[in-house]
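Observations on the model geometry
Chain by chain, the residues:
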Amino acid sequence: MVPMGTTNVIRYSMPENGVVKRRKVEVTAVPEMGFRKLSPEPGGMKYDFLDSLPDDLVLYILCKLSSTARCPADFVSVLITCKRLNGLGQSSMVLSKGSRKMFAVKAKNWSESAHRFLKLCGDNGNVEACFALGMIRFYCLHNKGSGASLMAKAAINCHAPALYSLAVIQFNGSGGSKNDKDLRAGVALCARAAFLGHIDALRELGHCLQDGYGVKRNIAEGRRFLIQANARELAHVLVTCPDAVVPLSWLNLPSNRRRAMGSNCPLLSDFGCNVPLPEPHPANQFLSEWFSIPDNMDPDSGLRLCSHSGCGRPEIRRNEFRRCSVCGSVNYCSRACQALDWKLRHSTECAPSERWVNGGPV
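Here we summarise the structure given alongside this text. None of the values given here were measured: they were computed from a predicted structure. (Residues numbered from 1 in each chain as written. Predicted model: local features only at pLDDT ≥ 70, side-chain atom pairs only at ≥ 80, totals over all residues. Heavy atoms only, no water.)

All right, on to the packing of helix H1 (residues 55-68) against helix H2 (residues 72-79) then. It is the contact of H1 with H2, at a shortest axis distance of 8 Å, that shows an interaxial angle of 155°. Viewed along their axes, H1 and H2 adopt a mutual orientation that is roughly antiparallel. Crossing of H1 over H2 shows left-handed handedness. Contact with H1, carried on its side by Leu62, Leu65 and Ser66, involves Asp74, Phe75 and Val78 of H2 and no other residues of that element. Considering only residue class, the contact of H1 with H2 consists of four nonpolar, one polar and one charged. (Axes fitted to C-alpha atoms, helices over the stretch in contact; angles between N-to-C directions. Helix = DSSP H or I, 4+ residues; strand = E, 2+ residues; numbered from the N terminus. Parallel < 35°, antiparallel > 145°, perpendicular 65-115°, else oblique. Left-handed = near helix turned anticlockwise from the far one by under 90°. Contact = heavy atoms within 4.5 Å. Nonpolar A, V, L, I, M, F, W, Y, C, P; charged D, E, K, R; others polar.)

Attention now moves to the packing of aromatic side chains. Within a pair of aromatic rings, the relevant descriptors are the distance that separates the centres and the angle that separates the planes. Tallying each qualifying case throughout the model produces six aromatic pairs. Aromatic side chains phenylalanine 75 and phenylalanine 117 sit 6.3 Å apart centroid to centroid with 35° between the ring planes, which places their arrangement in the tilted category. With phenylalanine 75 in helix H2 and phenylalanine 117 in helix H5 (residues 112-123), this residue pair connects regions lying 42 residues apart in the sequence. Among the residues examined, phenylalanine 75 registers a relative accessible area of 0% and is labelled buried. Under the relative-accessibility criterion, phenylalanine 117 is labelled partly exposed at 21%. Relative to phenylalanine 117, the ring of phenylalanine 103 has its centre 6.3 Å away and its plane inclined at 40°; by these criteria the two rings are tilted. Here phenylalanine 117 lies in helix H5 and phenylalanine 103 lies in the loop between helix H4 (92-95) and H5, a separation of 14 residues in the sequence. (Phe/Tyr/Trp six-rings, centres within 6.5 Å; stacked < 30°, edge-to-face > 60°. Buried < 20%, exposed > 50% of the residue type's maximum accessible area, 1.4 Å probe, protein only.)

Purely spatial values, then, with no claim about function.
The structure is reproduced here in structure tokens:
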């Protein structure tokens, strides 16, 4: 039982300018109820568990919530609970720690308020918000300068998906003409993203080395990067999806069998791997949903979407993406997307086009 008495507790207020200020609040210990704030309202005391908590503790809880949120509703539902949580929840300390899933906005729910929220989080230093809003502005809202700037802001802070997206833009010359491609810059950005652990960037870098695309050709080194990319992909699946169907023989091959298999390593995406489809980044998921809405993609424009289901990127100009060299019916923004889609789907569907078989123009 808590003894009766009065004490002072340090509280922190969060005004609109974002500066935390300290103030003292007198609280009273009430038997069997613990510390409660004295209510200034007439008619006696009103006890509130939340008001008895100091602001620094509430901020800590909100930071943990934002960093582990699994969807925007997890965080927004707390902000609308009361005025105090709304004010503290919009502090830079909380917004800067938001997880990528906290910004997984559905395209059908896109609104000006969602736009303002992403911008607020980006202005407070959240790199995931910068990347998500940058992708949306660049590809969906046709604000290429602002979108690229936001992705660059995230990339400067070592955000691997932003580095890779900027590499794809450089490879394709997106936002400009075909002559604006900068292959060497694309390779450099891919290398940086791969160093930070981005699997698609490592796979892209491997294909660039194999093909001599933007870098001196080195088939052996490119093959090594591709093996590393798929080994990392498999390791990620084993950690995140323990129920994945992966034959143990793939993980415990004797040395003589490894030598006999040579280049036919089962980890390579060319040969497939019976693991679940990797979950796309929320920004890529937004692009896929956005351009699946008929009003957002003009069929007469001649622009195409990347055929890899986990990408969602559209062409900015006509014939920007490369076609499959066999069937010509699918398009890819990058070599990494092409390799992934081949493993997941296209290898069973690809067939020579009739006009190609008959000697027609490519």
